[in-house]
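Residue-level structure breakdown
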Amino acid sequence: MAYVRCPNCADTMQEFRELEGKAETAAAALVLAPSLEGKPFVAKAYHRCARAGCRRVQRKDHWSVGATLPEGL
């Protein structure tokens, strides 16, 4: 786990965890595709906000590069 800035949580510091499971990883690849600029999606380079109800996925090395997962994930 990491403690980093989350734009979806009022720009506060939150715990982030690794992406879990195929559905979550596939959804992250889909919502992040526009920011990848043709580069391959590498799941290990991203993590997800662990706060209940938050669906933010962002790069581990650059908090502003990220997206929100669809509801239900």
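The following paragraphs examine the structure supplied in this document. Because the structure is predicted, anything quoted here is derived from the model rather than measured.

Scoring rules and cut-offs
- Residues numbered from 1 in each chain as written.
- Predicted model: local features only at pLDDT ≥ 70, side-chain atom pairs only at ≥ 80, totals over all residues.
- Heavy atoms only, no water.
- Helix = DSSP H or I, 4+ residues; strand = E, 2+ residues; numbered from the N terminus.
- Polar contact = N/O pair within 3.5 Å; in protein donor to acceptor, adjacent residues only side chain to side chain.
- Contact = heavy atoms within 4.5 Å.
- Core = buried A, V, L, I, M, F, W, Y, C linked by side-chain atoms within 4.5 Å.
- Buried < 20%, exposed > 50% of the residue type's maximum accessible area, 1.4 Å probe, protein only.
- Phe/Tyr/Trp six-rings, centres within 6.5 Å; stacked < 30°, edge-to-face > 60°.
- Lys NZ or Arg CZ within 6 Å of the ring centre and 35° of its normal.

**Topic: unusual backbone geometry**
Its identity as a non-glycine residue notwithstanding, Ala10 has a phi of 60 degrees, on the positive side. Among the secondary structure elements, Ala10 is positioned in the loop between strand S1 (2-6) and strand S2 (12-18). A positive phi is found at Asp11, a non-glycine position, where the angle reads about 60 degrees. Among the structural elements, Asp11 can be located in the loop between S1 and S2.

**Section: the side chain of Gln14**
Its location among the elements puts Gln14 in strand S2. A polar contact is formed between the side chain of Gln14 and the side chain of Thr12, at a distance of 2.9 Å. Setting aside its immediate chain neighbours within four residues, Gln14 contacts Ala2, Tyr3, Val4, Cys6, Cys9, Cys49 and Arg51.

**Observations concerning the nonpolar core**
One finds Leu19, Ala27, Ala28, Leu32, Leu36, Ala45, Tyr46, Val57, Ala67 and Leu69 forming the largest nonpolar core, which totals 10 residues. Looking at which element gives the most residues to this core, the answer is helix H1 (residues 21-36), with 4 residues. Residues contacting Ala28, with those up to four places away along its chain left out, are Leu19, Phe41, Val57 and Leu69. One finds Cys6, Cys9, Cys49 and Cys54 within the second-largest nonpolar core, a separate group that totals 5 residues.

**Examining the packing of aromatic side chains**
Under the definition given, this model contains 1 aromatic pair. Both rings, one in Phe41 and one in Tyr46, keep their centres 5.2 Å apart while their planes meet at 25 degrees; by these two values the pair is stacked. Exposure remark for Phe41: the relative accessible area of 21% places this residue in the partly exposed category. When the ring centre of Tyr46 is taken as reference, the NZ or CZ atom of Arg59 above it lies at 5.5 Å.

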